[in-house]
Amino acid sequence: MGHQVIIFDFSVIRGLWETRVKKNKERQRKEKERLEKSALEKIKQEWNLILECRKKGIPQSKYLKNGFVDTSENNLGTYGENFQLQKRHTLLDEGKKERNKFIFHLSGEQWMELPDSLKDQIYLKEWHVYNTLIQTIPAYIALFQDLRVLELSKNQITHLPVEIGCLKNLKVLNVSFNNLKSVPPELGDCENLEKLDLSGNMEITELPFELSNLKQVTVVDVSANKFHSIPICVLRMSNLQWLDISSNKLKDLPEDIDRLDQLQTLLLQKNKLTYLPRALINMPKLSLLVVSGDDLVEVPTAICESTTGLKFISLKNSPVETIVCEDTEEIIESEREREQVEKEFMKGYIEDLRERELTPSYTTKVLLSLQL
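Caption draft 1: Structural view of the overall build of the protein. Per the secondary structure count, the protein includes six helices and 13 strands. A burial count over the protein gives 37% of its 372 residues as buried. Counting only contacts in the protein whose residues sit at least 6 apart along the sequence, the fraction spanning at least 24 positions is 35%. Accessible surface for the protein amounts to roughly 22800 Å². Of this, 51% is attributable to carbon and sulfur atoms.

As structure tokens, this is what we get:
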């Protein structure tokens, strides 16, 4: 008995299905239009907008245009980003203004003394006084117990008051390129000091032993003075990482210089060193050593062949033309200006050297010629 096979015309079935789909889409479109025109849909749109505005912190009024609600996601997103950016900028500006309330700035040669109003601002955290003719720092500085930064570079200051020892929270003291001849022992009471810059005073010969108490100091710059040896107090600064004692009158280094076991940078150029002690080899973190090679007759071989990454740089001092002046002050000022230029040069040179990560350890002969 044979099987009966029913044959369908699939084109007819597909036509019927497409017609039904089309009618269904039409009904959905009309329903959507009806809902969009209904009050219920408007309430729903407004509610969604309120939720979105609250979520992003956006004022709802920004999206009411001629009585209608703009629910464009792009618009919401863009305004949200702009609002957050504006909010961040506002906070940064407010923070900057708030910080500036605690910072005192003063510069210009018209100033020969600090303004009287300063003594009433004992809440200040930073002083930045530079390029003035001010010669003294008043004793009332002791009242500034919140002072963190004392920048007094390039003035005419002849001495620091003993009251400076009252600044227990001081972290940075910069009195470079002034006319100091000594430092008060009371500075050793500033137990939180981290950076000490006495460079360019030209006349300092020694530091008081009391500065040994400065155990938090990491940077000491006493370049361009008249030190004949590294001060004992400096050798007792156990956290010292940077020591610049270039442009002084050193003839030798102490045999116990390896006490500075945290020291990373040691700048000794423009001195009269004839030899370097072997103790330098025992300084595990020393990574940059700069000397003047003209007078050196003995350099430990281990320094040149160091496998610890030490960069040993020997500079050749180019003789600088002597400037003939009848006034001694003019000679000193010319030397001070030259020292400033050379310090900027060395700073740039060291920064460039550190950027070259693949630079091997080696001995380099450099001709340093800076004339004003």
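Moving on from the model shown.
Caption draft 2: Representation of unusual backbone geometry within the structure. Its identity is not glycine, yet A224 carries a phi of approximately 55°, on the positive side. Within the secondary structure, A224 sits in the loop between β8 (219–221) and α4 (232–235). Backbone geometry at K270 places phi at a positive 60°, although glycine is not the residue there. Counting through the fold element by element, K270 comes out in the loop between β10 (265–267) and β11 (288–292).

Caption draft 3: Focus on the layout of surface pockets. Its boundaries defined by the atoms lining it, the second largest pocket holds a volume of some 610 Å³. Mapped onto the lining of the second largest pocket, the elements with two or more residues apiece are β7 (195–197), β8, β9 (242–244) and α6 (328–355). Split into classes, the residues belonging to the lining of the second largest pocket amount to seven nonpolar, nine polar and 13 charged.

Caption draft 4: Representation of the confidence of the model for the protein within the structure. In this model, the protein carries an average pLDDT of 81, and 72% of its residues clear a pLDDT of 70 or more. Residue range residues 65–69 is modelled with pLDDT below 50. Its contacts to residues more than four positions away, or to other chains, number eight contacts. A low-confidence stretch, residues 319–326 (pLDDT under 50), is modelled with ten contacts involving residues beyond four sequence positions or located in other chains.

Caption draft 5: Region of interest: the state of the cysteines. For the coordinates displayed, the defined rule picks out zero disulfides. Free cysteine: C166, not disulfide-bonded; nearest cysteine sulfur from C190 at 8.4 Å. Since its relative accessible area comes to 34%, C166 is described here as partly exposed.

Caption draft 6: Structural detail: the side chain of S212. With respect to the secondary-structure elements, S212 resides in the loop between β7 and β8. For S212, a relative accessible area of 7% corresponds to the buried category. Not counting chain neighbours up to four residues away, the residues in contact with S212 comprise C233 and R236.

Caption draft 7: Layout of the pattern of salt bridges. Counted by the stated rule, this structure contains seven salt bridges. The partner of E203 in a salt bridge is K226, and the shortest N-O contact between them spans 3.4 Å. Of this pair, E203 sits in the loop between β7 and β8 while K226 sits in the loop between β8 and α4; the two residues are 23 residues apart in sequence, bridging distant segments of the chain. Taking relative accessible area as the criterion, E203 reaches 28% and is therefore assigned partly exposed. If you follow the salt bridges from partner to partner, you end up with D221, D244 and K343 in one network.

Caption draft 8: Structural view of the side chain of E339. When you line up the elements, E339 lands in helix α6. Contacts of E339, omitting those with residues within four sequence positions, involve F177, A224, S247 and K270.

Caption draft 9: Local environment of the packing of aromatic side chains. Counted according to the given criterion, the structure contains five aromatic pairs. Centre to centre, the rings of F102 and Y123 are 6.1 Å apart; their planes meet at 85°, and the pair counts as edge-to-face. Residue F102 is found in the loop between α3 (73–100) and β3 (103–107), and its partner Y123 is found in the loop between β3 and β4 (126–130); the two are separated by 21 residues along the sequence. Ring geometry for W127 versus F144: centroids 5.1 Å apart, planes at 80°, classification edge-to-face. Residue W127 is found in strand β4, and its partner F144 is found in the loop between β4 and β5 (149–151); the two are separated by 17 residues along the sequence. What links up through ring pairs into an aromatic cluster is the set F104, W127, Y140 and F144. Above the ring of F102, the side-chain terminus of K125 is found at 5.2 Å from the ring centroid.

Caption draft 10: Fine view of the pairing of β11. β11 sits mainly inside the fold: five of its five residues count as buried. Of the two faces of β11, the one carrying L288, V290 and S292 and the one carrying L289 and V291 are both buried. Strand direction decides the pairing type here: β10 and β11, joined by three bridges, are parallel. Of the residues in β11, the one forming a bridge with L267 is V290.

Caption draft 11: Region of the structure containing the environment of L170. Structurally, L170 can be placed in the loop between β5 and β6 (172–174). With a relative accessible area of 0%, L170 lands in the buried category. L170 sits 24 residues away from D146 along the chain, and the two C-alpha atoms are 7.8 Å apart.

Caption draft 12: Representation of the environment of L267 within the structure. Relative to the assigned elements, L267 resides in strand β10. Judged by its relative accessible area of 2%, L267 is buried. With 21 residues separating them along the chain, L267 and L288 place their C-alpha atoms 8.0 Å apart. Other than its neighbours up to four places away in sequence, L267 contacts W242, L243, D244, I245, S246, V290 and I350.

What counts, and at which threshold
The residue count restarts for each chain, going from 1 along the sequence in the order it is written. A pLDDT threshold of at least 70 governs which residues receive local features in this predicted model, and a stricter bar of 80 or more applies before side-chain atom pairs are shown or counted, although totals over entire chains, interfaces and linings include all residues. The side-chain figures draw on all heavy atoms in the structure; neither hydrogens nor water molecules are used. Helix numbering and strand numbering both begin at the N terminus, where a helix is a DSSP run of H or I of at least 4 residues and a strand a DSSP run of E of at least 2. Three labels apply to residues, based on accessible area from a 1.4 Å probe with only protein chains included: buried if under 20% of the type maximum, exposed if over 50%, partly exposed otherwise in between. In what follows, a contact means two residues having at least one pair of non-hydrogen atoms within 4.5 Å. Per-residue accessibility takes into account occlusion by the displayed protein chains alone, with areas from the Shrake-Rupley method and a 1.4 Å probe. Residues are said to line a cavity or pocket when one of their atoms sits within 4 Å of a point; the points come from a 1 Å grid over protein atoms alone, cavities being sets where a 1.4 Å probe fits but cannot get out and pockets being open sets with protein on both sides within 12 Å along at least five of seven lines. Grid points are joined across faces, edges and corners, and a volume is the space filled by probe spheres set on the points. Polar here means any residue other than Ala, Val, Leu, Ile, Met, Phe, Trp, Tyr, Cys and Pro, which are nonpolar, and Asp, Glu, Lys and Arg, which are charged; Gly is therefore polar. Known as pLDDT, the predictor's confidence for each residue is given on a scale from 0 to 100. When two cysteine sulfur atoms lie within 2.5 Å, the pair is treated as a disulfide. Here a salt bridge means any side-chain nitrogen of Lys or Arg lying within 4 Å of a carboxyl oxygen belonging to Asp or Glu. Only Phe, Tyr and Trp rings are paired, with Trp represented by its six-membered ring, and only when their centres lie within 6.5 Å; those with planes under 30 degrees apart are stacked, over 60 edge-to-face, the remainder tilted. In this scheme, Lys NZ or Arg CZ marks a charge over a ring once it lies within 6 Å of the ring centre and within 35 degrees of the ring normal. Two strands pair under a simple rule: DSSP has to find at least two bridges between them.

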